[in-house]
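These are the residues of each chain, in order.
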Amino acid sequence: MRIDNYLYARKHGKLNYHEHRHQPVSNGTIRHDYIAIKAFLNWCVRRDFLISNPAKKVDPPKLPVKFPKFLDPDTAKKLVAYAASDQFEKDIPSEKVSIRYMILIELFSGVRFEKELFQIRKKDVLIDQNTIRIHTSKSGKYKLIPYNPVLNEYLQPLLDRLEDDDRLFPVKQFPRRQWKRLQEIMHIDITPYQLKHTFATMFYMQKKDLVTLQSILGHSDITTTRRYAQTVDEYRKKQAETFTY
């Protein structure tokens, strides 16, 4: 069977090797099939079973552009104000760590959730420089992530009760019960990981500076960062389409 014919049959549910599935499948599934087939045929070429890879002549299906999910500006401002308030602790009590400080750091710096956030120690918050030091290797290499000085004021109650070597968030798992409670109170439907997307999107909306944003987020390729510009364009398009008198 020709590869393009196979992909068409697979997409439209015309293959019967899965007796329990005769329904069409997504372009994402077809693309995974294509990648697997192409990899196998490349192996065949390397082993001299084939002269060339016929899969190179077939274009895989295009996937729809997925824009990062983020909080709109008004909701983001309300979340910052709420996380910075004393009411937060009353509504969402914590036993060991409070997600309020995680939220504030994410929304003001865009650090990677869990991977970078959970390794931050008090001594890594360089208040005099308005930066957070993130260690990137065991050899001592690190990167500095700048932030708005207002974050210092928000973090001060947490920093005051910690020693220099103490982690800001000495947990192995994110306090999901607190987050679920926050979702109920704020009526938001995003994951903690999407706070970073909110920071990046809001930063680009205000500053229009992809190079600086790339540096802050630590992207090796600016193409990855450029999706936030596309996200802002799509957001503004939707805002314009719903505008009326």
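Worth saying up front: this structure is predicted, and the values here are computed from it rather than measured.

> How would you sum up the overall build of the protein chain? Please name residues and give values.
Per the secondary structure count, the protein chain includes 10 helices and 3 strands. Mapped in sequence order, the helices and strands of the protein chain form the string α-α-α-α-α-β-β-β-α-α-α-α-α. Compactness check: the protein chain gives a C-alpha radius of gyration of 24 Å against a globular reference of 18 Å for 245 residues, more than 25% above the reference. The principal-axis extents of the C-alpha atoms in the protein chain amount to approximately 70 × 60 × 40 Å. Residues counted as buried form 41% of the 245 residues belonging to the protein chain. Across the protein chain, contacts joining residues at least 24 apart in sequence account for 57% of those joining residues at least 6 apart. Surface summary for the protein chain: the accessible area is close to 15,600 Å², and the carbon and sulfur share equals 51%. For the protein chain, the centre of its 43 positive side-chain charges and the centre of its 29 negative side-chain charges are spaced 7 Å apart.

> Describe the pattern of salt bridges, listing the residues and the values that go with them.
Scanning the entire structure with this criterion turns up 8 salt bridges. In this structure, the salt-bridge partner of Lys69 is Asp189, at a minimum N-O distance of 3.6 Å. With Lys69 in the loop between α2 (27-46) and α3 (73-83) and Asp189 in the loop between α7 (176-186) and α8 (194-207), this pair connects stretches of sequence that are 120 residues apart. Arg100 is the salt-bridge partner of Glu89, the closest N and O atoms lying 3.6 Å from each other. Separated by 11 residues along the polypeptide, Glu89 in helix α4 (residues 87-91) and Arg100 in helix α5 (residues 99-109) bring together distant segments of the chain. Three or more residues are tied together by salt bridges with common partners; here these are Arg112, Glu116 and Lys143.

> So what about the pairing of strand β2 (residues 131-135)? Which residues, and what values?
Counted residue by residue, β2 has 4 buried out of 5 residues, so it is predominantly covered. Between strand β1 (residues 125-126) and β2, which pair antiparallel and follow one another directly, the connecting turn spans 4 residues, one of which, Asn130, has a positive phi of 55 degrees. Pairing analysis gives 5 bridges linking β2 to strand β3 (residues 142-146), with the strands arranged antiparallel. Within the sheet, the bridge partner assigned to Ile134 lies in β3 and is Lys143.

> Now, about a nonpolar patch on the surface: what can you tell me, with residues and values included?
On the surface, a cluster of nonpolar side chains totalling about 410 Å² of accessible area is made up of Phe40, Trp43, Phe49 and Leu50. Among the structural elements, Leu50 can be located in the loop between α2 and α3. We classify Leu50 as partly exposed; its relative accessible area is 31%.

> Report on helix α10 (residues 222-241), specifying residues and quantitative values.
The terminal C-alpha atoms of α10 lie 29 Å apart, and with 20 residues this matches the ideal 28 Å at 1.5 Å per residue to within 8%. For α10, every residue scored as buried is listed here: Thr225, Tyr228, Ala229, Thr231, Val232 and Tyr235. In a view along the axis of α10, the buried residues occupy a sector of 145 degrees, so they form one face of it. Pointing more than 90 degrees away from the buried face of α10 are the exposed residues Ala240 and Glu241. Buried positions along α10 lie against α3, α8 and α9 (210-217). The backbone nitrogen of Thr223 has a side-chain oxygen 2.9 Å away, supplied by the residue at the start of α10, namely Asp221.

> Kindly report on the side chain of Lys196, identifying the contributing residues and their values.
In this structure, Lys196 sits in helix α8. Among buried charged residues, Lys196 stands out as having no salt bridge; its nearest opposite-charge side chain is Glu116, 6.2 Å away. Ignoring any residue separated from it by four or fewer positions in sequence, one finds Lys196 in contact with Glu106, Gly110, Val111, Arg112 and Leu217.

> So what about α8? Which residues, and what values?
Taking 1.5 Å per residue, 14 residues should reach 20 Å; α8 reaches 20 Å between its end C-alpha atoms and fits that length. In terms of burial, α8 is a largely internal element, 12 of the 14 residues being buried. Among the residues of α8, those classed as buried are Gln194, Leu195, Lys196, His197, Thr198, Phe199, Ala200, Thr201, Met202, Phe203, Tyr204 and Met205. Each element contacted by the buried residues of α8 is listed here: α3, α5, α7, α9 and α10. Just past α8, the residue Lys208 takes up positive phi, approximately 55 degrees.

> Describe in detail the packing of aromatic side chains, supporting the description with residues and values.
Counting across every chain of the model gives 11 aromatic pairs. Centre to centre, the rings of Trp43 and Phe49 are 5.7 Å apart; their planes meet at 55 degrees, and the pair counts as tilted. Judged by relative accessible area, Trp43 falls into the partly exposed class, the value being 33%. Residue classification places Phe49 among the exposed residues on the basis of a relative accessible area of 56%. Taking 5.1 Å as the distance between ring centres and 75 degrees as the angle between the ring planes, the aromatic pair formed by Phe243 and Tyr245 counts as edge-to-face. For Phe243, a relative accessible area of 55% puts it in the exposed group. Taken together, the ring pairs connect Phe113, Phe118, Phe174, Trp179 and Tyr193 into an aromatic cluster. Residue placement shows Arg133 over the ring face of Tyr142; its charged tip is 5.9 Å from the ring centre.

Definitions and limits used
Residues numbered from 1 in each chain as written. Predicted model: local features only at pLDDT ≥ 70, side-chain atom pairs only at ≥ 80, totals over all residues. Heavy atoms only, no water. Helix = DSSP H or I, 4+ residues; strand = E, 2+ residues; numbered from the N terminus. Rg over C-alpha atoms; globule rule 2.2 N^0.38 Å. Buried < 20%, exposed > 50% of the residue type's maximum accessible area, 1.4 Å probe, protein only. Contact = heavy atoms within 4.5 Å. Areas by Shrake-Rupley, 256 points an atom, 1.4 Å probe, with all protein chains shown as cover. Lys, Arg positive; Asp, Glu negative; His and termini not counted. Charge placed at Lys NZ, Arg CZ, Asp CG, Glu CD. Salt bridge = Lys/Arg side-chain N within 4 Å of Asp/Glu carboxyl O. Pairing = 2+ DSSP bridges. Patch = residues over 30% accessible without salt bridge, like charges linked within 9 Å, V, L, I, M, F, W, Y side chains within 5 Å. Expected span 1.5 Å × (residues − 1). Arc of directions from axis to C-beta. Polar contact = N/O pair within 3.5 Å; in protein donor to acceptor, adjacent residues only side chain to side chain. Phe/Tyr/Trp six-rings, centres within 6.5 Å; stacked < 30°, edge-to-face > 60°. Lys NZ or Arg CZ within 6 Å of the ring centre and 35° of its normal.

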